[in-house]
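So you can see what is in the structure, the chains are spelled out below.
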Amino acid sequence: MKKICVYCGSNFGNKKIYEEYAVLLGKEIAQNGIGLVYGGSNVGLMGVIADTVLKNNQEVTGVITENLANLEISHHGLSKLHVVKTMHQRKTLMAELSDYFIAMPGGFGTFEEIFEVVTWSQLGIHNKPCGLLNVDGFYDNFLKFLDKSVNEGFIRTEHRSLLISDINPKDLIKKLLTAKIEYIPKLVGKENK
């Protein structure tokens, strides 16, 4: 079974639309016969998407650290729950278990996680499609920032295309399922002029 890793907030955010889109994304994942991999929590958007995929009869695998599990925020109704020692182990296992990655709205952890897997794609560590679900324009400025990084010569255009985005969960999943990710070597320290 193919699996999508979803990174998202352990909070709900200030707008109801974030929770609504977590439900929509969870339903789309399940309707496509895809399993979910996520951070193993029962709180915030993380809990919403896990519950939605489970309610729609698809497998959900959580990966959580011992210290977070000890705070009693781990989801006990999952198909599988892996408890690991460190955040590095958590992120590595989530990546190994997944075929695709999506970042919903979230905070520092969400940003770091999606940046890491996109970087791994850029470096040829994996060729798994990565996407942003741009709910209610949440990632608009972020996408402009990435485009500025291209314009300023810090990200190659080919590498910028490694991060796929869409405002619609159904369309984003379709883009990820059909994406062909090719390794394009990064020229470290070379001028591209």
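Refer to the structure presented above.
Residues numbered from 1 in each chain as written. Predicted model: local features only at pLDDT ≥ 70, side-chain atom pairs only at ≥ 80, totals over all residues. Heavy atoms only, no water.

### Considering unusual backbone geometry
Item 1. A positive phi is found at N57, a non-glycine position, where the angle reads about 60°.
Item 2. Relative to the helices and strands, N57 is located in the loop between α2 (44-55) and β3 (60-65).
Item 3. Positive phi, normally seen in glycine, also occurs at D136, with a value near 50°.
Item 4. Take D136: it is sitting in the loop between β6 (130-133) and α6 (140-151). (Helix = DSSP H or I, 4+ residues; strand = E, 2+ residues; numbered from the N terminus.)

### Observations concerning the environment of S10
Item 1. Along the chain, the position of S10 falls in the loop between β1 (3-7) and α1 (16-31).
Item 2. Among the residues examined, S10 registers a relative accessible area of 40% and is labelled partly exposed.
Item 3. Spatially, the C-alpha atoms of S10 and S41 are 7.5 Å apart, while their sequence positions differ by 31 residues. (Buried < 20%, exposed > 50% of the residue type's maximum accessible area, 1.4 Å probe, protein only.)

### Observations concerning the nonpolar core
Item 1. Within the largest apolar cluster, 27 residues are counted, with the highest numbers of intra-cluster contacts made by V6, L25, I29, L36, I49, I102 and M104.
Item 2. Counting residues per element, the ones that place at least two in this core are β1, α1, β2 (35-38), α2, β5 (100-103) and α8 (169-178).
Item 3. The dominant element in this core, judged by the number of residues it contributes, is α2, at six residues.
Item 4. Ignoring any residue separated from it by four or fewer positions in sequence, one finds I49 in contact with V6, C8, A22, L25, G26, I29, L36 and M104.
Item 5. Counting residues in hydrophobic clusters, the runner-up holds 22 residues, among them Y7, V63, V84 and V118. (Core = buried A, V, L, I, M, F, W, Y, C linked by side-chain atoms within 4.5 Å. Contact = heavy atoms within 4.5 Å.)

### Some thoughts on the packing of α1 against α8
Item 1. Relative orientation of the contacting elements α1 and α8 amounts to 45°, with a least axis distance of 9 Å. The angle between α1 and α8 places the two elements in the oblique class. Considering how the two elements wind past one another, α1 and α8 form a crossing that is right-handed. In this structure, α1 contributes Y21, L24, L25, E28 and I29 to the contact, and α8 contributes P169, K170 and I173.
Item 2. Residue composition of the contact of α1 with α8, by class: six nonpolar, no polar and two charged. (Axes fitted to C-alpha atoms, helices over the stretch in contact; angles between N-to-C directions. Parallel < 35°, antiparallel > 145°, perpendicular 65-115°, else oblique. Left-handed = near helix turned anticlockwise from the far one by under 90°. Nonpolar A, V, L, I, M, F, W, Y, C, P; charged D, E, K, R; others polar.)

### Quick notes on the layout of surface pockets
Item 1. In this structure, the largest pocket spans a volume of roughly 410 Å³.
Item 2. Lining of the largest pocket is provided by 29 residues; of these, C8, G9, S10, M46 and T110 occupy positions nearest its centre.
Item 3. Contributing elements (two or more residues each) for the lining of the largest pocket: β1, α2, α4 (87-97) and α5 (108-122).
Item 4. Along the lines of polarity and charge, the residues of the lining of the largest pocket split into 16 nonpolar, eleven polar and two charged. (1 Å grid on protein atoms, 1.4 Å probe; cavity = no way out; pocket = protein on both sides within 12 Å on 5 of 7 lines; lining within 4 Å. Points joined across faces, edges and corners; volume = space filled by probe spheres on them.)

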